[in-house]
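# Fold and geometry: a report
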Amino acid sequence: MKKFIFTITTALVLSACQDFQSAVNSNRLDANDPKVEQYRQDMKQYAKDNPYNPTAVKHRFNTTYEYDAFFTENGERLLASAVDLCEHHMYRVGFQEISGIPHRFSTPRKYTRYPTIYSVTPNFPAYNAGIRKGDILLKFNNQPISSPESTEKRRVQSYTQKTNTIEFYSIGDGTVKTATLQGKKTCQMEILTSPKHELNAYADGKAIYMFPALFDVLQQDQYMITVIAHEIGHNILAHRTRKMDTYAKTTLLTAFALVAAMGGNYDPKMNQDILDLSGDAGNLAAKVYSPTLEAEADYIAIYLMARAGYDLNNAQDTWKRMSLLGSIDTKFLPSHPSTPERYHSLHETIKEVNGKIQHEDHKHIMPEFTNQSLDEIKKKQMKLFKN
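Conventions and cut-offs
Residues numbered from 1 in each chain as written. Predicted model: local features only at pLDDT ≥ 70, side-chain atom pairs only at ≥ 80, totals over all residues. Heavy atoms only, no water. Pairing = 2+ DSSP bridges. Helix = DSSP H or I, 4+ residues; strand = E, 2+ residues; numbered from the N terminus. Axes fitted to C-alpha atoms, helices over the stretch in contact; angles between N-to-C directions. Core = buried A, V, L, I, M, F, W, Y, C linked by side-chain atoms within 4.5 Å. Buried < 20%, exposed > 50% of the residue type's maximum accessible area, 1.4 Å probe, protein only. Contact = heavy atoms within 4.5 Å. pLDDT = per-residue confidence, 0-100. Phe/Tyr/Trp six-rings, centres within 6.5 Å; stacked < 30°, edge-to-face > 60°.

The next subject is the sheet that holds strand β10 (residues 201–203). Taken together, the three strands give an open sheet; going across it, the order is β9-β11-β10, and neighbouring strands pair in mixed fashion. Of all strands in the sheet, those with a lone pairing partner are β9 (190–193) and β10, marking the two edges. In this sheet, neighbouring strand axes are inclined to one another by 15° on average, regardless of whether the strands run parallel or antiparallel. As paired elements, β9 and strand β11 (residues 207–210) share four bridges and run parallel to each other. Each residue of the ladder has a partner; that of Thr193, found in β11, is Met210.

Before going further, it helps to spend a moment on unusual backbone geometry. Although it is not a glycine, Asn141 sits at a positive phi angle of roughly 50°. Relative to the helices and strands, Asn141 is located in the loop between β4 (136–140) and β5 (143–144). Positive phi, normally seen in glycine, also occurs at Asn142, with a value near 70°. With respect to the helices and strands, Asn142 occurs in the loop between β4 and β5.

So, about the nonpolar core. Most often, soluble globular proteins keep nonpolar side chains buried together rather than apart. Core analysis: the biggest nonpolar cluster contains 47 residues, and Phe71, Leu78, Met224 and Ile232 have the highest contact counts within it. Residue assignment for this core shows that the elements contributing at least two residues are α4 (64–81), β11, α7 (212–218), α8 (221–236), α10 (271–307), α11 (318–323) and α12 (339–357). Those residues within four positions of Ile232 in sequence are excluded, and the remaining contacts are Gly75, Leu78, Leu79, Met189, Ile208 and Leu304. Counting 13 residues, the second-largest nonpolar core is a separate cluster that includes Val120, Ile131, Ile145 and Ala179.

Per-residue confidence for the chain gives a mean pLDDT of 77; residues scoring 70 or more make up 70%. Here residues 16–23 is modelled with pLDDT under 50, and outside its nearest four sequence neighbours on either side it reaches 25 contacts, counting other chains as well. Predicted confidence for residues 327–336 stays below pLDDT 50, and this span has 29 contacts to residues more than four positions away or in other chains.

All right, on to the packing of aromatic side chains then. Enumeration over the complete set of coordinates arrives at 14 aromatic pairs. An angle of 80° between the planes, with centres 6.2 Å apart, marks the rings of Phe70 and Phe71 as edge-to-face. For Phe70, a relative accessible area of 9% corresponds to the buried category. Classification of Phe71 by relative accessible area gives buried; the value is 0%. Aromatic ring contacts, followed pair by pair, group Phe61, Tyr67, Phe70, Phe71 and Phe215 into a single cluster.

Structure, rendered in structure tokens:
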């Protein structure tokens, strides 16, 4: 029976993998390729030169909101670069505020009850209007901002309307200023910082979740930006929808196949067994499908970084650093591409992107979608947002 389920699952997964293919396929290594061993040796040498001691890891920042500022600022840049790859959009003014953190000594007492702006994304409307970290947010669209509730209302409002007026106290010259901000169009996606102490990062289709502990280990900005771009790539390619579709199709067809295989010997008392076996097959299919999704997200990440103007040099070394965690084995795992494979794929994708940049504006280079058009990808994004 297990062999039967495996056969059904394999056939369904192979079918699902045809749903989307990109140039990433030509960048992937075969398990028997000599480069695999070469990359594996490189990883071992890197591990010797950069020993990982969990107890000696230094915090990249001192506060959660500093991590959030980094994740938000870089995430917004990447999302703005991907507007034409997304079906759903939102407007961003490019700043975040928080209440309850110490104000500067020079801040007039009457303004200390207002939230401090802790994140300002370069070249976004707020930055271009002269707003800087440490400024005090007083009003948003003529409404005072003096409580967590008003802060949340401000944030949601700024996402849905293009033009917003802000009143703020500038710590630079000690004056109150008013600015009209024309929101910058980006993909509709939240960038959230998890309070959990885990070496993790993930995407759920509508948001990406970043974990400070992972940044502490990666240390370098470029490595973390590569991870942010990777998670955004998962959402752009509607991987959650595709994974759920794979699970649903495999579960349903396996159940039908099991009932058909029983023929005239079907017993209603076996309903629960059929459900359990079908569910197991669905989970197996989703797990086997994961390497394709991870490779696609890696591929899109490099394009997003290039379009946003980031330096791509050594971005592939992100997976060298990740290999030190022990969370990604150097063998070819069934659920994720191996570290050598990811390293090679990223390296080849960087070559592909750099070749395009020589002939066209980096802001408009497009990934090589072969089996699936951009319109079809956007339809899958729409399906996710309807749920």
